[in-house]
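Topology and contacts: notes
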Amino acid sequence: MHGEELLRSRGLRVTRPRLAVLDVLAGGGHLEVDEIARRVRTRLDSVSTQAVYDVLGALSRAGLARRLEPAGSPARYEARAGDNHHHVVCRGCGEVADIDCAVGEAPCLDPNVSHGFKIDEAEVTFWGLCPACQARKTDDI
């Protein structure tokens, strides 16, 4: 589905900023808002950072984008949403990569106590050092 069809399929109005943000997210990665705004500005004459935040909020609520917030880092957004995947974050440089769910079905983990909640998702973040930071650490020794 193209951007316009995606937006309409989720009941969202088609706007140039929404199409531009969708296009940026479709390029892949786990991008901070400032980077998304910078890339959107290469596609549109001008757009405020607040407008980008508003678009990302609408896309996230509609299931067209996913917000992730690694501890100690700014929020990041990605197009891969609704498929029960997790993330690994580098403690050295902050790089984020996707990890598919080990179980394959949501919620991926079952808590021993649900406190009455109907659990439908578990968000797991793995932490470690990416290959580049491992190499730098070895070089420092």
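Residues numbered from 1 in each chain as written. Predicted model: local features only at pLDDT ≥ 70, side-chain atom pairs only at ≥ 80, totals over all residues. Heavy atoms only, no water.

Soluble globular proteins tend to bury their nonpolar side chains together. In terms of nonpolar packing, the biggest core is built from 23 residues, with Val21, Leu25, Ile36, Val40, Val52, Leu56 and Leu59 touching the most fellow members. Mapped onto this core, the elements with two or more residues apiece are helix H2 (16-26), helix H3 (33-41) and helix H4 (49-61). What valine 21 contacts, discounting residues up to four positions off in sequence, is Ile36, Val40, Val52, Val55, Leu56 and Leu59. (Core = buried A, V, L, I, M, F, W, Y, C linked by side-chain atoms within 4.5 Å. Buried < 20%, exposed > 50% of the residue type's maximum accessible area, 1.4 Å probe, protein only. Helix = DSSP H or I, 4+ residues; strand = E, 2+ residues; numbered from the N terminus. Contact = heavy atoms within 4.5 Å.)

Let's shift gears to H3. Restricting attention to buried positions, one finds in H3 the residues Val33, Ile36, Ala37 and Val40. On an axial view of H3, the arc spanned by its buried residues comes to 100°, and they lie on one face. Check the buried side of H3 and you find it contacts H2, strand E1 (31-32), H4 and strand E3 (76-78). (Arc of directions from axis to C-beta.)

This part is about the state of the cysteines. Applying the stated criterion across every chain yields a total of 0 disulfides. Cysteine 90 carries a free sulfur, and the closest cysteine sulfur to it, the one in cysteine 133, is 3.6 Å from it. Given a relative accessible area of 4%, cysteine 90 falls into the buried group. Cysteine 90 provides the cysteine sulfur closest to cysteine 130, a residue in no disulfide bond, and the two sulfurs are 3.6 Å apart. Given the relative accessible area of 10%, cysteine 130 is considered buried. (Disulfide = S-S within 2.5 Å.)

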